[in-house]
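# Remarks on the overall topology
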Amino acid sequence: MGKKSKARTKTGSARKSACSGGGSNRGKQRQADPFGTEPSAAARPKGESIYQIYKAATLRFKGALSDLVPAAVFENGDVQSFLDAADYVKDNALSVSESLVRDLRLAISVRKKYSQRLADGGDEGHAYFLLVLNYCWQVLKRCVAACDESKAKSGDAVEEDENKQQEEDAFLNRFGALSMEDYLGDEDNSDDEDGDDGDAPISRPETPDGHFSFDDLMSFPDKAKCEFFFDTMAFHVRKFQVGLRNIKETLRMEAAGDYPSQNVSTEVLCLGTVANMMMLDVQKAENELYVECPHLAESPYRVLAVTFLSALIALVSQNVQKQSPLAKKWKHEMAVAFVGDIVEAVFLCRYDEPGKISERFSRRWKLPEHWRGKNVWLANLIRTMTFGNVKTVTEAEVLSHCSIEDEFDEYLSKAPKWMEDNRWWSAFIGGEQSILNTWKLLDMHGSSLNNGDKEKHVYHYVMADLMNRNQWDADSNPASTIRGDMDSVLVKLLLHMWESKWRIDGRAVPMEKKLLPIVSYVRQWMMGFDSRKPTFALIFAVHLLLMSLFELQGDGDVARVGSIGKAAFNRVSVHFCSPPP
């Protein structure tokens, strides 16, 4: 892609963060929460999440099963009580409803996928609970046929079952996006395959040594939920990449006369529709994550902190609980916010900010003087680990003479890479097509626009280097990677073009939320740099756009696909905006 220039660097920024761990206060919401753990009213999500739906289904199953057995079975709250209850139903030839088995199927499907996101597949308790639920499934599904085959459903019962089936189907379809193909088994269809093994003996799980409480096992750590969200994005990126390559192959077949031209537009528009659905699905998944974990809703950087820096979050929390005289007021979410603020500072190229965040944090919690130096060291370690995982190619070159990483070389060599440890993430949203790289570029652009200081900062040098790079051209100068080669396309062309449009003219494009969600995300972000952090939906949408340019470059295909999409959008806009006849 051509030669790359280098420049000297300095640090700083003008944009303030909502530093829950040690930053400045922002807005009235901070007055009610001096320690900065509650999300603002605007950030606080509404609605019901996937995990909450799953939890409700599990509780419904337990409630319905409890109604069939003596009260003493569930008295101790032990997970093993489910085994005793299932055996009681079987031994007494009791019949169970389809809704009970449906809720159980839902619980098993989700619990299996969540458990796979825990360390080593989950601890012994989670693994045992999954065995228990599977045993209940094998026993109780045989009781449904005897119950419902001879019964005619009333109109109300049919409607209720249909509603629950729709809820389950919608849930499982959503979780299809959260699970990779390797995660999926045949358990989701096992209720439809009773076959000839209905009388086969079922082995009851052996009783473990420990005691596992139902209430304890009903909760999953925030880290697993955040990792599932990254799975969602990786899954969609993979499918979109396959779709783009299919379009590329279709265009080559058309050029060779092996494919009718009139069908090309249909395929392009279908992929565009699918891409829009992916963006909306990621937005929905992001909102659901914030419903499940409301303390993350204030900042997307807290999601990164929980996903990749959980061990350091736990260390911060332990230090405050041991050293602070205000330990009684401490919450674990405050450590998440502290680490999240440092991650945000790195994304904004404010490399000197972590030390200041640490000082404010230490004063707020009245940490002993001898401990404050250790806290600064920890903050710089978090900064260095974050920088090592999210630095752009340009930053790696421009900042090569800086000492950001030198102090922690020993720790960085042993620290895990954020995306490389997960083969799905490294293949589809990491490495040379890193979605974190796209996020970093968006933040650097926002920082450069909001800086009011006369002093030059790091991102000025980085942005200048990006602007001076050779211009990407789809046909004459194609990119070899998304990360690095496509950076100047995003900063030099797309972001400045969007800025010129929406920083001056903030009017919405007709039907943009449904027809062009990427336009809606970018316009809202461009018009609110001072107060709005980039959402995962925005980052994902922009990343898909870069992917489409990268996969379709060459042979004039980018211009061809662009003209097809523009013509189709104009037709739809005219149709919706025209007055009725």
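Residues numbered from 1 in each chain as written. Predicted model: local features only at pLDDT ≥ 70, side-chain atom pairs only at ≥ 80, totals over all residues. Heavy atoms only, no water.

## Some remarks on helix α23 (residues 536-552)
As a reminder, the rule being used: Numbered from the N terminus, helices here are DSSP runs of H or I no shorter than four residues, and strands are runs of E no shorter than two. Expected helix span is given by 1.5 Å per residue-to-residue step, counting one fewer step than there are residues. Partly exposed residues are those whose accessible area sits between 20% and 50% of the maximum for their type, while under 20% is buried and over 50% is exposed, using a 1.4 Å probe and protein chains only.
The terminal C-alpha atoms of α23, which comprises 17 residues, lie 24 Å apart, in line with the 24 Å expected from a rise of 1.5 Å per residue. For α23, a buried count of 16 out of 17 residues is recorded, marking the element as mostly surrounded by other parts of the structure. With its phi angle positive at about 95°, G554 sits one or two positions after the end of α23.

## Some thoughts on the packing of aromatic side chains
The condition that has to hold: Aromatic pairs are defined between Phe, Tyr and Trp rings, using the six-membered ring for Trp, whenever the two ring centres lie within 6.5 Å; interplanar angles under 30 degrees are classed as stacked, those over 60 as edge-to-face, and all others as tilted.
Counted under the stated rule, the structure contains 22 aromatic pairs. When the ring of F229 is compared with that of F230, the centres are 6.3 Å apart and the planes differ by 75°; the resulting orientation is edge-to-face. Grouping residues by exposure puts F229 and F230 together as buried. An angle of 70° between the planes, with centres 5.2 Å apart, marks the rings of W439 and F536 as edge-to-face. With a gap of 97 residues between them, W439 in helix α18 (residues 435-450) and F536 in helix α23 connect regions that are remote in the sequence. F536 matches W439 in its accessibility class, with the two residues each being buried.

## Some points on the environment of I429
What counts, and what does not: Should any heavy atoms of two residues lie within 4.5 Å, those residues are counted as being in contact.
For I429, the position within the fold is in the loop between α17 (423-428) and α18. The exposure class assigned to I429 is buried, which follows from its relative accessible area of 0%. Ignoring any residue separated from it by four or fewer positions in sequence, one finds I429 in contact with F230, M233, A234, V237, M419, W424, S434 and I435.

## What to know about the nonpolar core
Here is the rule we go by: Residues belong to a common nonpolar core when they are buried Ala, Val, Leu, Ile, Met, Phe, Trp, Tyr or Cys residues joined through side-chain atoms within 4.5 Å.
Within the largest apolar cluster, 107 residues are counted, with the highest numbers of intra-cluster contacts made by F230, L309, V339, M486 and F540. Non-local contacts of V339, meaning those with residues more than four positions away in its chain, are made with A305, L309, I313, V316 and I382.

## Some words on the pattern of salt bridges
In a structure, side chains of opposite charge can pair up when their charged atoms sit close to one another. The following threshold applies: Here a salt bridge means any side-chain nitrogen of Lys or Arg lying within 4 Å of a carboxyl oxygen belonging to Asp or Glu.
Under the defined criterion, the tally for this structure stands at 14 salt bridges. Close ionic contact of E227 with K223 constitutes a salt bridge, the shortest N to O distance being 2.5 Å. One end of the pair, E227, and the other, K223, are both in helix α8 (residues 222-255), four residues apart, so they sit about a helical turn from each other. Since its relative accessible area comes to 30%, K223 is described here as partly exposed. Via salt bridges that share partners, K248, R252, D555 and D557 belong to a single interconnected network.

## Thoughts on helix α10 (residues 300-308)
Quick note on the threshold: Here a polar contact is taken to be a pair of N or O atoms separated by no more than 3.5 Å, where protein atoms must pair a possible hydrogen donor with a possible acceptor and residues adjacent in sequence count only if both atoms sit in side chains.
Among the nine residues of α10, nine are classified as buried, and the element is accordingly described as predominantly covered. Among all positions of α10, only P300, Y301, R302, V303, L304, A305, V306, T307 and F308 are buried. Looking at where α10 begins, the residue whose side-chain oxygen comes 3.2 Å from the main-chain nitrogen of Y301 is S299.

## Here we look at the confidence of the model for the chain
The test is simple: pLDDT: the predictor's confidence for each residue, scored from 0 to 100.
Residues with a pLDDT of 70 or more make up 72% of the chain, whose mean pLDDT is 76. When pLDDT is averaged over each helix and strand of the chain, the minimum, 37, is found for helix α1 (residues 29-32) and the maximum, 95, for α10. Note on residues 2-47: pLDDT under 50 across the span, and 132 contacts to partners over four residues away in sequence or across chains. Low pLDDT, under 50, characterises residues 167-198; the predicted model gives this stretch 62 contacts beyond four residues in sequence or across chains.

## Concerning unusual backbone geometry
Excluding glycine, residues mostly carry a negative phi; peptide bonds, for their part, are mostly trans. At C349, a position not held by glycine, the phi torsion is positive, near 65°. As for its position among the elements, C349 is in the loop between α12 (332-347) and α13 (353-364). According to the relative accessible area criterion, C349 is buried, its value standing at 0%. Phi angles above zero are rare outside glycine, and K366 is one such case at about 55°. Structurally, the position occupied by K366 is in the loop between α13 and α14 (369-390).

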